[in-house]
Structures are given as C-alpha cells and as structure tokens.
Amino acid sequence: MIEVLVLSALLLLQVQANTWPLAKLVYPSDGLLIEGAGRAVNITFDVSGDPFPEERKWYKDGEEITQFTNINIDESGGNLVSLRFNALAKMNEGVYYYIVRESKLTLEASKSEEVRLKVSFLDNFQSSATQQVSAQLGEYAVLRCNPPTHFGAYPKFSWKKEGVRILESDSIYVSEFGDLVIMQVAEEHYSSDYRCTISIDSLQEGQQEKEGPAVSLVVRGNAASYVAPYIALGPEDRAVDAQIKRTFRVECAVNGYPTLPSIRWYKNSVQITSSGPIYDIQQRNYLQITIPRSSGDVSATYRCEASDGTKQAMAQANIKIYTKPVIITSLPTAPVKKSSSSTLDLSCDATATPTPQFRWYRNAVQLQSDGLNTQVSGGNLTITNINSLHKGVYQCEAFNDIGSSVSTGMIRVQERLSFVIRPVDVDVYLGAAATFNCQGKGDPGPTSLRWEFNGGTPPDTHKYTNRLVNQATYKIPEVTSAEKNGRVSCIISSPDNLYPTDTAVATVTVREGPQVQASQKNITANEGDARDMTCIVENVISAVEWKWLHKDTLIIRDDNGRITIQENMLQVRSLTAADQGTYTCQAGENGITNSDTMFLMVRTSPQITMETEVRIGEGQDVRLTCSVTANPAPTITWIRDGQTLVNNAKYMIDKVSDHVSVLVVRNVRKHTDVGTYKCEASNPLRTRSAEVDLMVVAVCEVMDMPKDTSVEFLSSTSISCTVNACPSAVWTWRKDGEIITFDGSRYINRGSSIEIRQVVPSDGGTYSCTVNSDQGDGTPHSAVITVTVPTTIYKFPQSSVLFMNGDRIELECSARADNTLDQIMVQWFKNGNEINTGALITQKDETEKIFYATANLVIQSAIASDGGHYQCVASNSQGFVQRDTTLMLMTYPRAPGQPHSKWEGVGVAIMSWSEPSNPGNTPLTSYEIHIESKGNNIFRPFLKGLDPNFVSTTIYFLQENQQYNFKVIAVNAVGKGPASIASNVVRTEKTKLKQINLVESFTLSSVSSDSIKVKWSMPEDRNTALSGYKIVYRNEDKQEQPKFKVIDEFTMLETTLDELDGGSLYSVQIESIDRNKDLAVSTVKTVLTQNQKPSPPAECIADREASSRIVVSWNQPENPHGKILHYTIYYRKRGAIDDPKTVVNVTDAQSTSMAVSLDDASIDYEVEITASNSAGEGEPFQCLSSGKTIQVAWYSMWWFYLIIALVAAIFLIIIAIIIITCYRTRADRGPKMQKIPPPAAKKESGWFKFKNIFSRKTHFPLRNQDDFRGPNAQVYSPNTARSYNPPPAGNPMNTFSGGAMGSPDQNRFGGGTSDFRYGTQPRSPDYGYNPNKFNTFDSRNSYNDPPKPSYSGFDPPNYYDPPKPAYEPPKSAYEPQSPKSGYGGGYGGGYSAYDQGSNYDNTSRYDNNTFDSRYRGDNASRGYPTYDRNAGYGGGGGGNFKSSQL
C-alpha cells in the first residue's frame, strides 16, 4: 500500500519538540542591513538545537567565509552568534547566511534566512562649474542638484541661497531627488549663489554631507497677467523597494498665475481626503506615502488634480511596492517509515512582489529534480522510495530581488537497527593489546549499546565505552591465556524495543609465541667428550631469535671453537666439570620469548686436594683432610705403610661428605706416628691417591728460617719465620737493627711473616726476626734482601690499537734500569724491522739509582699499510725486554639480521631486526634504513642515525597503495657495513576513513626559508580520548630521523614548524594523541621550504702539498638549505686585494677535497671556498693553513746559482765603470773653469755619483761638478760672448757663462759648484710643477717657447734632500732638435750629480726627461720670466742640448 504523506495529514500528527539545529535571524530582523563605510555593525542569529550544533559556518554569496578580513565572530552571547564587521568596507557588501550542523558526524543541518548587507557611500560632486538657469517672471524654475553617486536608506537634500538655508513653502520646495522647484518666479529669487547639499546620516563623521557647486538663477521679462494651472513636475510610474525606502513621495508640482492652483489626490479614482499613518497630503506639491508592514494596499494608480476655480490640470502615475516574500504555510515535523512504497509530499506558499521563486534544501544542501525519486516544482517537493538518506532538516526558501524567507521542518525516517561498524576478529600475541570498535544506527537510533565477553559481563581488566553516536570501543590492554578464543559481543537495542536488538561478535585468537621443547631433558657425558644440545620450536610464523644460557648466564661462542651455537643447537667440546649444570634454550619471536631447560651431567675422575706435609707437637691430635672432586662421588680410603686404616683407638675417620674425608691421629708420637699417610679416591672412571707427611716438632722451634732474597724493583716479597706449634709465640722484626714500623700498605706484619709491597732499592738490607714465648726469648734469625732493578718496560700501549685512515697515532714506550749499569736503549720494530723514532728522552733518579728512557712512536696520518705487529725493545748489558702491540685498521660491521616489517594500516609501519653477528672491532654508532618501493630492487636511503641500542623503529611517511621492501645497515666509527637481507614485502593500503580520531584533511604552506605552517581539520570521527596531536616531520633531502612537535590541545588546529632548512623537501604526517593509545596517523604530504643560500663550508684547510700545488679540503656546510650543486674555490696572491681571484669550480657536490695547481710556486696564496645551491652562491669561507706546507730547499734550486752568478757579474761591471769614470773625469777637467770649493756640507759619496751616472734619465757622461760637455752640443751665450768672465761682484751664486761660438771653450757650460741647488720646479697637478724634484736641466726647441706658469707658492726644499727612490725611464728614442744660435741654455745646478730629472708630459712645450736650473738676473731680457725660487739662483750660460742626449 502506498503511503502518501500530505500536508493536511502532517499538520494533524503529534509534532515533537524542535530538536534540530536552527539559526533564527535576530538582527536585522527584516533581512536588510544598510550602514555607512567604516562603521561597526553586527549580523546576529539565535542558534538552537538539542544537542547544541557543533559545526557552524558563515557564508557570503554562496561561498563559505574562510578569510576573516576586518570580520570577527562573536559567540560569547550564549545562543546568540554574531558576525561583526569592525570597519565596514565596500567589499563586505553581499548576501550572508549561516549554516548550523549538529556535529561533523551527523547530517542534520539547516540554512538560515539570508541577510542583504548594503554599504552607504557618498562621492564628491563631479563638477565644480557654475550652472545658470533663467526663468520668466511668474513661471516656475527647476534648479538641478545633479547629486554625486551615493547610496543610503534615507539621503537628505537641502538648498542654500547665498549661504542661508531655504525653508520650504507652497511656492518653493526640494524634490525627492534633490532638485529645487520654485513656483511663480519673482524678482527676489534672483541670485548667483544657490547650492545643493546632500547628506546621509549613516556615514561616518566628516563624510555625511557634501555641498555642490553654485547655481545661478536669472529672472527675465515681465509676468503674464494670467497663467492657467499646469503640472510643472508630475508624478512618474515607479517601483519602490519597501525594504530600502519605507517612505517616498508622489510629486505633483502645480503652477498658475496669479493664483497658485489647489490640488486634490486620488488613489484608484478614490479621493484621499485626509492625512493618516500612510498618506500625508499636508504638503502642497507632493503626496508623501509611508509603506506599512502590510504593503499590499499601497500599490495603486495615483492622480493629482489642480484647479484655480476656472481651469484644471491633471496627471497620474502607477506605483508598485516591491516586498520580500512572506511564507504563509510552514513545513511540518513528522516521522515517515523507511519503505520503497512511501512518498513524501511537502508544499510551501509565500506572498511577495515581484512573485517569489522557491528553493528546497535538505540538511542545508539544495535539492534538485533528479528524475528518480526527487521532484522539485516551485513550492512543491515530492520524494518517493523513502530511505534513511531522506531524513533530516527540510527547508523551503522563497526569494525574489528584494529578499528571502525560510520555512523549516524535520522529517525523520524510521528504520531498523543496523551496524555502521562491527567489531572484527583479532589475531594477537600473548601480552599484546586487542581493540574492538562498534557503532550502530537506526531511526530512532539505538538507546543502548553494551558489551559482553563470552556471553557475560566483561572482566574488570577489560576497558570499554558505550557510545550511541560515535564509535564505542572495547579494549583488552594485555591479552592473557584466559582470553584465548574468547568472544567479544556488541549489542544494540532501540527505544521501547521498537525493533529487535542486534548483536555483532568478534573472536580473540591468541598466539602464545614460540613453543620450545628440549630434545633431551637430562644428558650425561664423560669429561673430555663432546655433546650436542638441541631444542625444537613450534607455533611460529616469522623468524626466531635463539639464545642459550648456562646457569642463567648467556653463552657466547668462544674463539677456539670449543663452544659453537647454531640457532637451536648448542655444541660443547672437551667437557669439564665446569660445564655441568642447567642449560636453557630461548626462542623469541616479535618480542615474545619462551624457553625450555635441560641438565648436563659431566662424569669426572677423582681430583684430590691435600697438604703434603703436616707438622705438630708431640702428644697432640692431628687432623689430615682429603678433599676430592669427582662425579660420581668417590670412595675414599686412608692407607699407611700399605695397610688400610679403620676406626680404632688411634685413628678416627670422619666422613664429612661424599667428597671430604678427615683422618684424625690421636696422641701423636714421634717414634710411632711419624710417617707418610695416603688418601686414595676411586670411582668408575679412575682411582687416584695423594700423600701427606706427618712430622713431630719441638715447641716454639723456628722451623722456617728467613732466607736471603733478591727482589725486583716494584715487585712484592715476604720473609717467613715459622715456628712449630707454639701458641704463646710473639715475633719481633727489625731492618738493619731497627724495629720496623708497619704502615699496613707497603709494610704489612702477618706475625710469623712480613710482606713488603712495591719494593724500591731503599728497601734492600738485613731483616731479622726474634721469636719470644712463655718458654723464653729466641735467637734472632736474619736474612738479606737485595733489590734489583731489571731492565723493564713500564709504560707501553695496549696489546691492540684500532685506528682509522688519517688518524694520528702515538705509541708510548718507557723503560727503566739500574743506573749503575750502562745506558738503556729503547727501540721500535715493525714486523721485525727497526723504525727510527728520533730522539731518546732519558732521566736519572740518583736517590733510587734508577735510569729512565722513553721513545714514543708517532704516525701522523695513518693508512692501512701502517697496520701490523709493533715491538718496543729496551736493552742494556743485562739483556733486553720487549712489549708487543698490534695496530689494526678498524673494520666495518657485518650485516644486521633480516628485518621484519608490519603495516599498521594507519600511515605507518613497524619494523624490527636483529643485531649484526659481528659489529666490527668498534661499537656500533647507528643504524640506517634503506627502502625500495618500485619493485626494481633498487634501494635508496630513507632513515639515518637510528639509535644503535634499539633494533626496532616506527617507519613514518609511507605512501598509500604502495609496495615496500626495507634493508638495514649497521654503522660504526669506520663507516657503513653491508646491507641486510631485504625484509618481507609490505603492501600499504589506503588509510581507512572514518577511523576514530584520524586527521583526514590538512594543508602545508611554506612561510619562509626555515618555517612551514601546518593547518588541519578536527577529526570528523572522534571520541573523548583525543587529547592532542603530534606533528611528525623530517627533511627528505637529509634522510634524517623524524622530528616531532606535540600539540596538547585537540581544538588547536594549526601550528608552525620552525628551524628548518631552506630549499628542502619536508614530509609531514599528523598523529592523533589518544589516551587509549590507539594509533591514528594521517596520510603523508610534502612541501618545499623557500630557497635560501647555503652557509659557508666548514673547517676549510689548504695544505701546500708541493711547491706548485695545494690541496684544499673542507666539510659540508652546516646548513646547506637544500641540495648542494657545486663548490667554488678562489685563490690569489696573499695581500693583493686588487688582483683578480683565480676561480676553480668543483662540480662534484659530494667532494670535500681538491688539488689546485699554482701559477707561481714562489709566493704565498690566500684561499677561500663557497657552496652553491638552487638559491645561488653562499658566503665564502677563508681557508686556513694546516701547518703541513712543504718547505722547498731554495739553496738546492738551479735559479739560486744563476742569481749568484748575475750579481757577481754586475758587481764587477760596476767596479770597472767607476774606475773608468774617475779616470776620464780627472783627465778632461777644463783648464779655464774656476774651481770653487764645495760648501762645507755633506759630500755625496761615490755610491751617489755612481747612481747618478747610471740614471736612465742621463745619457751623457758627467765630467765633473763644474762643467758639462755633450758631444753634439751647440754653444750659445746669453750675453756678450766672452772666453771667460769672472763672477759679477757681489753675486753669491758664482754664475759662469759658457764660451763664445768658435772659441776653444764653446763646449763648456757654466754652472756653479756651490749653491746652485734650487732649480725650477717640474710639473705637479696642483701648482703646475712638482716640488719634489730639483736640480733639473732644461733644453728647449726655441728660445721664445712660452714659459710655464709662475713658480711661486713653494717652500724651497733642503739641498740635501735625498733623491727619489725610483725614476721613470726615458723615452726609447727622441727626435734631435735643430740647434739654435744665440740662445741661452741656463744649465747648472747644485753640488749633486744631476740625476733628478723632471718628467714633463708630451703636451708641454718642454722635451721629455729634461733638466733645468736657471739664473735669475735679467731673465726677462732673454724672454724668460723670473722662475727662481730664491733670488740670485740660476744656471750659467750654455747652449741648446738635443733631446737625444738627455
């Protein structure tokens, strides 16, 4: 039968209270909110529901709001929830609504009514130009406001005339749209300053009002005598949004002259006679209408009629009022049965203008016709074939352009109980935890959920929860044998037993671990035999780890092969009595260990322990003890003189135990009882015997005299002084006659003996003992102790020393000997060959007379070939001693045992392995995990640096739907060993959704080069055990161990991971922290941190391996910030900061050293290195010298002898030149030159003369200091030519002229020998001449060449200022100059050799590399300005030198 649920029937059903989630609009109540920009405003809903909705989301224009710019959510008002806009902006305009949901785990949700948010605004007037309006007297005038762009609920307009606000009247008013209307224009209306003002109150202070430009009204002509009524501004058809504008006008501006006409208003031809709450007819020019809440009657045709009693005028307009929908039928709340024959019909009706449209929602999701079982037609919704998916909150939304309204109802679909989650069978090891989950559903849902174990109440040790909404959990924290094959039942029932209960059952399968059984419980063997012990194991599913124990001590195979272990078999060879006892075999699988025991009995022949001699006083009883070890127990017999002794008056045999027998001899007599007694022991294996001699001694007789002894240095010795049976004996000990003081450490008194420890030479001497007793004092007995100091090695290395390539090894060897002998020698040998160790360090101790010697063997950078057998040998005339040690290169560890891995189904795997059978000759430092995931058997590093103390780990960051193999590598100080056998294959599956407390969605974003932001959603399926999260992350580029960040608050859903490496790939997983210890780990996501340049390489060292090569070595950067692409080495001459650097690229990013060939082997270099990644090149690191630079023997190089030869040759040439020069200077001295003694000042040495001669700026021979001769010189006199003129009277400069043309003296050039030290100044950038070069010469092309600028402004330097240290070389060739006659040269100078030439540039009128010194006198008459620095200084006469001579 088809059940039709119609509206009328629904309304008659008993409706239960509204418990669904609902958001009811509180403000703005009408769904429209208009406010000014910058203001604060709220949208508020009243949220209800039982339980209170957990999930609440805001939407704008159909999209969920996730970015809350200038928006806050306020939930502090209990059920009132507000969306607060702190400073309203234009971007906030839109349609807002709110969706509330009971929880993330349920579907029930509802959508709120929509709110339209409008933002008021007011722009500036667009134009500032003055408008002009002209009107005829008596006519009407309209002054347009032309308001700026604006929006607001109630904009206000007003006008000012010449700054005074205009008051409205029948003849002048402001229209609804801001225009100023003047009826019957008169002369007083004339003005050039009308201004319109617009204001919106909702705007912020200072923005509420804008004033427009001036409007000029010009009144023209004369008024007519009569104007009939007419409509100046009539009503217009319009539609009014009732939400935005509740009050509006229907305008009718009527004019006439001379009398203003009267006006009547009609609505649909019915006159409006009076004002009321809706209509206001008080104003003459318009009808003001206020729209009531029930606005249906306002829409109509409005007509205005104007009359002056004679004539009439009329105008009308149609007014429509637009309103938001109002729902007039509400949706019901009712149940409907789940059935293929059930139908649900819902109807919704609403009124509005324009006509509304309809949208249907179920649980806030819009419904559409699907052509199957859902049909939407306007306000009608029909659903057929009702099932559980059709239950929920139904909403009908009626909407148009003005707004929307929502009606809400609840439809419940009744259905039978069923299980969403059933508990599943578990297969666990003994001692592990077992967890079961259960969840039921139905409508009405289950009212109870309970757990049973084996059909009854669960034991107290079991933990469980009963939840009706979320998953219920049953947990056995530690499975025992009692839970084996147990049944866990989850039972759900409906309210009032509407449906029968349902039960889901799971079984507990318990694996108790390996079942171990010894093949034999008791084993018997004879000594010397070999025995195998074997155990059998059952009930295992993976690899078993075996261990053997003897008397609870772990057995480790020995080096000589006597004991061997082959998993479940133990073999012991050459059995001894010590091997007897209980043996335990242990088998372990996945952390569960079981064991069994067996007993090994070793049969041994008798071994007798007994004194060989017993002394006793006559008449006393004596006890002779015979102790025997044997298995089986022996038979012990006492024999004397071939006769077996038995118990009688003389002998008593005391059987202390099966292995100890005591013979008591009573009243011992010297003549009858003294003799040999034999103890004989026998068992089935053998018979053995031992003898003891019984002797009778006198009372207090010293039986053991002190004996002379030779004792080695630092050894121990003892001196005995034993007496016969003498109870009253007292011993006195002396050394060299002095009573010994016993300190208890080195000297120890034991009564009848003394002990001396750590003997030194000073302990040597005569020691005596005296025995005193009640029978009298005894005689001293003495002995001499001699201390020898044998040749001994007292400091030496261990028997074996481990090293790595490159280590520095120092083996210490110190020896000592008696210094009265010859000197001790200490030597080192390797594999029998002597090694030279350098100096032998010796020392003498005169007090103890000991000679010490030390020779240490140092290996700076050890390599494999340095391994071997080393001997330290100390020798002297006494002989030699030696100590041995073995140097061994450290070895790699062997492969660990095959790993076992298990996929946990929650984003991680658990892996375990066994330790390597041999860790190498150094302890393990870490483990590495390598992974293969593509089936190609190519393994790559995955985890590094695992703790070597643990052989299991959790593997994070595994991708879903993949196949993985793992290998384990052990690492010690030497490096990595071989990889283990590959693990079992792990096939990952897609992480199960809806798992309790599983984070299913999260995002990663790179914030900077060293930080990542992680955001996640709260687990959709969660319980109260959720307490927080653990963020698991690691750098994939480094394959480092995972790092963790713990979030203790489960409502905190984002965090930032800091201190990361730049430009690196990071993997991230989120593990939920569950108080029940249930594992829930998300899927893996990766993110790349932003690029950052790497830090500099660390600890760079540059070694000069040879004179022309350096080796640069470095460590990788501490922070590579990603993958290092290459290194760059820079080097240049040390200190040459302006020289370019030589660049060497190291393209192998894994390299940490490189050899670099040098350009010049004779200089030092500075070296630096940089690292580069994808972000660029990092900062450089200055490399340091390690102190290993090889010193090149310069005196052994060929160029050294070449330099010596060149220096010697140059020296000989210089000597020859000096001799020749001195000879020519003396021979060529001119006869007519007046020789003036030089001033009493410092005279230049021959070295300066020599240097000046060979100045590259002087290309002619210097004859003497008083004349100058050049082979091609032309001689001119600046004055009247004369052969020789004495110096002018009073001229302190002693200036001399050159000879006349053609005279014998024509080649002579004047120049004083004394004070001609101030020549002209060569050029400088500041003054035109350089003040640092003096005593110069000059030669010109022409006498009339322009002079240099004034030389003033310089202080004259000292005559004895030293010359410049270096001089520019002259030009390679100079063009000769044509000789000019009659021109004065002005050559001269001071006392020095004229080596300091000026360097004029080519732009000057002076020849390069010339010299100048001038005579002051009448320079102006020669065409020269006064160049002198001091009055009266200058050169004598002379001619024009060719440049080639200079």
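Residues numbered from 1 in each chain as written. Predicted model: local features only at pLDDT ≥ 70, side-chain atom pairs only at ≥ 80, totals over all residues. Heavy atoms only, no water.

Some words on the overall build of the chain
When you go through the chain residue by residue, the secondary structure sums to three helices and 109 strands. Residue burial in the chain is summarised as follows: out of 1446 residues, 44% are buried. The contacts in the chain between residues at least 6 apart in sequence include a share of 66% that link residues at least 24 apart. Summed over its atoms, the accessible surface of the chain is roughly 72700 Å², and 49% of this surface lies on carbon and sulfur atoms. (Helix = DSSP H or I, 4+ residues; strand = E, 2+ residues; numbered from the N terminus. Buried < 20%, exposed > 50% of the residue type's maximum accessible area, 1.4 Å probe, protein only. Contact = heavy atoms within 4.5 Å. Areas by Shrake-Rupley, 256 points an atom, 1.4 Å probe, with all protein chains shown as cover.)

As for unusual backbone geometry
Look at the link from Thr 353 to Pro 354: it is a cis peptide, with omega at 0°. Along the chain, Pro 354 falls in the loop between strand E33 (350–353) and strand E34 (357–362). With omega at 5°, the peptide bond leading from Asn 631 into Pro 632 counts as cis. Checked against the element boundaries, Pro 632 lands in the loop between strand E57 (622–631) and strand E58 (635–640). With phi around 50°, Asn 385 is a residue other than glycine that occupies positive phi space. Relative to the helices and strands, Asn 385 resides in strand E37 (residues 380–386).

Here we look at the side chain of Glu 452
Counting through the fold element by element, Glu 452 comes out in strand E42 (residues 448–453). On the basis of relative accessibility, which here comes to 18%, the residue Glu 452 falls in the buried class. Apart from residues lying up to four places away in sequence, Glu 452 is in contact with Pro 458, Arg 487, Val 488, Ser 489 and Ile 491.

Some remarks on the packing of aromatic side chains
Within this structure, the stated rule accounts for 20 aromatic pairs. Ring pairing ties together the aromatic residues Phe 436, Trp 451, Tyr 464 and Tyr 474, which thus form one cluster. Lying over the aromatic face of Tyr 266, Arg 303 brings its terminal NZ or CZ to 4.3 Å of the ring centre. The ring of Tyr 1130 carries the charged tip of Lys 1141 above its face, separated from the ring centre by 5.8 Å. (Phe/Tyr/Trp six-rings, centres within 6.5 Å; stacked < 30°, edge-to-face > 60°. Lys NZ or Arg CZ within 6 Å of the ring centre and 35° of its normal.)

As for the sheet that holds strand E80 (residues 833–835)
Sheet strands pair via backbone hydrogen bonds, and the direction of the pair is either parallel or antiparallel. Strand order in this open sheet of five strands is E76-E85-E84-E79-E80, and the pairing throughout is mixed. The open sheet has two edge strands, strand E76 (800–803) and E80, and neither has a second partner. With direction set aside, neighbouring strand axes in the sheet form an average angle of 30°. Where E76 and strand E85 (residues 879–889) come together, four bridges link them in parallel fashion. Note on E85: the bridge partner recorded for Leu 802 is Met 888. (Pairing = 2+ DSSP bridges. Axes fitted to C-alpha atoms, helices over the stretch in contact; angles between N-to-C directions.)

Overview of the state of the cysteines
Within this structure, the stated rule accounts for nine disulfides. Through a disulfide, Cys 813 is tied to Cys 872; the S-S separation comes to 1.5 Å. In this structure, the disulfide formed by Cys 813 and Cys 872 twists by about -65° around the S-S bond and is classed as left-handed. Separated by 59 residues along the polypeptide, Cys 813 in the loop between strand E77 (809–811) and strand E78 (814–818) and Cys 872 in strand E84 (residues 868–876) bring together distant segments of the chain. Given a relative accessible area of 0%, Cys 813 falls into the buried group. (Disulfide = S-S within 2.5 Å.)

As for the sheet that holds strand E17 (residues 172–174)
Across the sheet, which stays open at both edges, the three strands sit in the order E13-E18-E17 with antiparallel pairing between neighbours. Of all the strands in the sheet, just strand E13 (141–143) and E17 have a single pairing partner and so form its edges. For this sheet the average axis-to-axis angle between neighbouring strands, irrespective of direction, equals 15°. Note that E17 and strand E18 (residues 180–182) share three bridges and pair antiparallel. Across the sheet, Tyr 173 pairs through a bridge with Val 181, a residue of E18.

Some thoughts on a nonpolar patch on the surface
Side chains of Phe 1211, Leu 1212, Ile 1215 and Ile 1219 sit close together on the surface and give an oily, nonpolar patch of about 430 Å² of accessible area. The partly exposed category is assigned to Ile 1215, whose relative accessible area is 36%. (Patch = residues over 30% accessible without salt bridge, like charges linked within 9 Å, V, L, I, M, F, W, Y side chains within 5 Å. Salt bridge = Lys/Arg side-chain N within 4 Å of Asp/Glu carboxyl O.)

Some words on the pattern of salt bridges
Evaluation of the coordinates by the stated rule reveals 38 salt bridges. Asp 736 serves as the salt-bridge partner of Lys 735, at 3.2 Å between the closest nitrogen and oxygen. Residue classification places Lys 735 among the buried positions, given a relative accessible area of 18%. Each of Lys 111, Glu 114, Arg 359 and Glu 397 takes part in a single network of salt bridges with overlapping partners.

So, the side chain of Asn 1023
Within the secondary structure, Asn 1023 sits in the loop between strand E95 (1011–1016) and strand E96 (1026–1035). Given a relative accessible area of 7%, Asn 1023 falls into the buried group. Among the polar contacts listed, one links the side chain of Asn 1023 to the backbone nitrogen of Ala 1025, at a separation of 3.0 Å. For Asn 1023, the residues in contact, after removing those within four places along its chain, are Arg 467, Thr 473, Ile 996, Asn 997 and Asp 1074. (Polar contact = N/O pair within 3.5 Å; in protein donor to acceptor, adjacent residues only side chain to side chain.)

Side note on the environment of Ala 633
Along the polypeptide, Ala 633 turns up in the loop between E57 and E58. C-alpha separation for the pair Ala 633 and Ser 682, spaced 49 residues apart in sequence, amounts to 8.5 Å. Setting aside residues up to four positions removed in sequence, Ala 633 forms contacts with Asp 658, His 659 and Asn 683.

Overview of the pairing of strand E15 (residues 156–161)
One ladder, built from six bridges, connects E15 with strand E19 (residues 191–199); its direction is antiparallel. Looking across to E19, one finds that Lys 161 is bridged to Tyr 194. In the sheet, E15 pairs with strand E16 (residues 164–165) via two bridges, with the strands oriented antiparallel. By the bridge assignment for E16, Lys 160 is matched with Arg 165.

Here's the deal with the pairing of E19
Where E19 meets strand E20 (residues 209–220), six bridges bridge the pair, whose relative direction is antiparallel. Bridging from a neighbouring strand, Ser 199 pairs with Glu 209 of E20.

A few points about the confidence of the model for the chain
Confidence in the prediction for the chain averages 77 pLDDT; 79% of positions are at 70 or higher. Across residues 1187–1196, confidence stays below pLDDT 50; counting only partners more than four residues off in sequence or on other chains, it has 13 contacts. Throughout residues 1347–1446 the model reports pLDDT below 50, and contacts reaching past four residues in sequence, or to other chains, amount to 304 contacts. (pLDDT = per-residue confidence, 0-100.)

A short note on the environment of Ser 269
Its location among the elements puts Ser 269 in the loop between strand E25 (262–267) and strand E26 (270–272). Each C-alpha atom, one on Ser 269 and one on Thr 301, is 8.0 Å from the other, the two residues being 32 residues apart in sequence.

A short note on the environment of Met 695
Here Met 695 is to be found in strand E63 (residues 687–697). Met 695 sits 80 residues away from Arg 615 along the chain, and the two C-alpha atoms are 4.7 Å apart. Beyond its immediate stretch of four places on either side in the chain, Met 695 contacts Glu 613, Val 614, Arg 615, Ile 616 and Val 674.

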